[in-house]
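Chains, contacts and geometry: an overview
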Amino acid sequence: MSSLAAPRAESPAGTTPGTDRRPPLRRRIALVPTVTLFLGAIYCLLPVAWVVIAATKSGRELFSTFTFLPGTGFAGNVRDLNAYRDGVYWEWMGNSALYAGLGALLSTCVSAFSGYALATYRFRGREAIFNVLLAGVLMPPVILAVPQYLLLAKADLTDSYLSVLLPQILSPYGVYLARIYAAAAVPADVVEAGRMDGASEWRIFTRVALPMMIPGMVTVFLFQFVAIWNNFLLPYIMLSDDEKFPITLGLFTLLEQGANTPALYTLVITGAFLAVLPLVALFLVIQRFWSLDLLSGAVKS
């Protein structure tokens, strides 16, 4: 019976069975990415944890208790925030939802049209237009804020909802991403087959190309929504009526008043915490849709 047993693999010299056979130096080097990611996660999540915990503290607890010790004043903070200036905080939230939702939707549509055209059609100057878009991706938004203000001031559109919406519609990064995704996801043979069947270009785009581009367009929508929701400089330059402020600018004005009234600090922190929740909810919903769409595309293919 012993002669029929399978030979047992011998361990290399200097190692014991069941242990990692890599040299100690390689094991230590392999730990570097893990440690780096762990430190990066702490760096990113620590401020979030502080905001979440600080939102639960009353004004007295905020300055007298340990930083990461939860408090008992969250419900009171929410009530005070609702009562502040007859609920102007929720007007700011509604304005942010309008700017981010409508702006991201329009920007996604423009990006889809432009990206599909740049990826599918051959025309003179196509590469030049694409290179200009790449330059726009590399250009910081702060450089464009003042010229945009001067242009909209000439059109008498400053201090209006359009002054915040219009500059957000064209996103160079969104067009770039849509062009790259359309080139990879929409086969040229499928487009030519649609043309041979007599379909119009609009019908080919809406019925054939756009369904294939949906995962990429979801990404563009998410990026634009987050960018517009967190945008501070453009509304700060364009708007003077605080009833049109987005949540970022509204909280900034509230924080400035808190320098003279420390009790407002708890409202600012609670407002910042509540302002993050729509982004988290949107990401979770879109991520689920994103995953389902990618899975269905894989099954169809």
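Each chain has its residues counted from 1, following the order in which its sequence is written. Where local features are concerned, this predicted model is filtered to residues with pLDDT of at least 70; where side-chain atom pairs are given and counted, the filter is 80 or more; whole-chain, interface and lining totals use all residues. Side-chain descriptors were evaluated using all non-hydrogen atoms of the structure, hydrogens and water having been removed beforehand.

1. Overview of the overall build of the protein chain
Under the DSSP-based scheme used, a helix requires at least four consecutive residues in state H or I and a strand at least two consecutive residues in state E, with every element numbered from the N terminus. Scanning the protein chain for helices and strands turns up 13 helices and zero strands. Listing the helices and strands of the protein chain from first to last along the sequence gives α-α-α-α-α-α-α-α-α-α-α-α-α. A sequence separation of at least 24 residues applies to 70% of the contacts in the protein chain between residues at least 6 apart. By element, 68% of the accessible surface of the protein chain is carried by carbon and sulfur atoms, the whole surface being about 18600 Å². Any pair of residues with heavy atoms lying within 4.5 Å of one another is described as a contacting pair. Only the protein chains shown count as cover for residues, and the accessible areas themselves come from Shrake-Rupley with a 1.4 Å probe.

2. Quick word on the packing of aromatic side chains
Two aromatic rings from Phe, Tyr or Trp, using only the six-membered ring of Trp, form a pair when their centres are within 6.5 Å; if the ring planes differ by under 30 degrees the pair is stacked, by over 60 it is edge-to-face, and anything between is tilted. Applying the stated criterion across every chain, the model contains 18 aromatic pairs. Ring centres of Phe63 and Tyr265 lie 6.4 Å apart, and the angle between their planes is 65°; on these two criteria the pair is classed as edge-to-face. Separated by 202 residues along the polypeptide, Phe63 in helix H2 (residues 59–64) and Tyr265 in helix H13 (residues 264–300) bring together distant segments of the chain. The ring of Phe130 has Arg179 lying over it, and the distance from NZ or CZ to the ring centre is 4.3 Å. Here, a charge over a ring is recorded when the distance from Lys NZ or Arg CZ to the ring centre is within 6 Å and its angle to the ring normal is within 35 degrees.

3. Observations concerning the confidence of the model for the protein chain
The predictor attaches a confidence to each residue, and that confidence, scored 0 to 100, is pLDDT. When pLDDT is averaged across the protein chain, the result is 84; 86% of the residues are at 70 or more. Looking across the protein chain, the model is least confident in H13, with a mean pLDDT of 76, and most confident in helix H4 (residues 88–120), with 94. The low-confidence segment residues 1–7, where pLDDT is below 50, has zero contacts with residues more than four positions distant or belonging to other chains. Confidence drops under pLDDT 50 across residues 294–301; counting only partners more than four residues distant or on other chains, this segment forms one contact.

4. Points about a nonpolar patch on the surface
Think of a patch as exposed residues, more than 30% relative accessible area, with no salt bridge, where like charges cluster within 9 Å and nonpolar side chains (Val, Leu, Ile, Met, Phe, Trp, Tyr) cluster within 5 Å. Whenever Lys or Arg places a side-chain nitrogen within 4 Å of a carboxyl oxygen from Asp or Glu, that contact is recorded as a salt bridge. Together, Leu31, Val35, Phe38, Leu39, Ile42, Leu46, Trp50, Phe66, Phe68 and Leu69 line one region of the surface with nonpolar side chains, adding up to about 990 Å² of accessible area. Mapped onto the secondary structure, Phe68 falls in the loop between H2 and helix H3 (74–83).

5. So, the packing of H4 against helix H10 (residues 201–229)
Running from N to C, H4 and H10 cross one another at 140°; their axes reach a closest spacing of 7 Å. Judged by the angle between their axes, H4 and H10 are oblique. Remark: the crossing between H4 and H10 carries right-handed chirality. Looking at the contact of H4 with H10, its residues break down into 21 nonpolar, seven polar and no charged. Axes here mean lines fitted to C-alpha atoms, for a helix over just the part in contact, with angles spanning 0 to 180 degrees between N-to-C directions. Throughout this description, any angle smaller than 35 degrees is read as roughly parallel, any larger than 145 degrees as roughly antiparallel, any in the 65 to 115 degree range as roughly perpendicular, and the remainder as oblique. Take the far helix as the reference: if the near one is turned anticlockwise from it by less than a right angle, the crossing is left-handed, and if turned clockwise, right-handed. In this classification, the charged set is Asp, Glu, Lys and Arg, the nonpolar set is Ala, Val, Leu, Ile, Met, Phe, Trp, Tyr, Cys and Pro, and all remaining amino acids, among them Gly, are polar.

6. Here's the deal with the packing of H4 against helix H7 (residues 161–169)
At a minimum axis distance of 8 Å, the contact between H4 and H7 shows a crossing angle of 30°. By the angle between their directions, the pair H4 and H7 is classed as roughly parallel. For the crossing formed where H4 meets H7, the hand is right-handed. On the side of H4, the interface is formed by Asn95, Leu98, Tyr99, Leu102, Gly103, Leu106, Ser107 and Val110, while H7 contributes Tyr161, Val164, Leu165, Gln168 and Ile169. Along the lines of polarity and charge, the residues of the contact of H4 with H7 split into nine nonpolar, four polar and no charged.

7. Description of the environment of Thr253
Of note, Thr253 is situated in helix H12 (residues 247–258). In this structure, the C-alpha to C-alpha distance between Thr253 and Val268, residues 15 residues apart in sequence, is 9.5 Å. Those residues in contact with Thr253 that sit more than four places away from it in its chain are Trp92 and Phe245.

8. A short note on the side chain of Ser171
Among the secondary structure elements, Ser171 is positioned in the loop between H7 and helix H8 (172–185). Beyond its immediate stretch of four places on either side in the chain, Ser171 contacts Ser107, Ser111 and Gln224.

9. Observations concerning the nonpolar core
What is meant by a nonpolar core is a set of buried Ala, Val, Leu, Ile, Met, Phe, Trp, Tyr and Cys residues, joined one to another through side-chain atoms within 4.5 Å. Burial here depends on accessible area, computed with a 1.4 Å probe over protein chains only, as a share of the maximum for the residue type. Under 20% is buried, over 50% is exposed, and the range in between is partly exposed. Tyr89, Phe225, Trp229, Ile247 and Leu254 are the most contacted members of the largest nonpolar core, which totals 38 residues. Only H4, H7, H10, helix H11 (233–238), H12 and H13 provide two or more residues apiece to this core. The dominant element in this core, judged by the number of residues it contributes, is H13, at 10 residues. Leave out the neighbours within four places in its chain, and Phe225 touches Ala100, Gly101, Ala104, Leu279 and Leu282. Counting 13 residues, the second largest nonpolar core, distinct from the first, contains Ala112, Val186, Ile204 and Met213.

10. Describing the pattern of salt bridges
Taken as a whole, this structure holds five salt bridges when the rule is applied. Note that Arg126 and Glu127 form a salt bridge whose closest N and O atoms lie 3.3 Å from each other. Among the residues examined, Glu127 registers a relative accessible area of 41% and is labelled partly exposed. Salt bridges sharing common partners tie together Arg126, Glu127 and Arg179.

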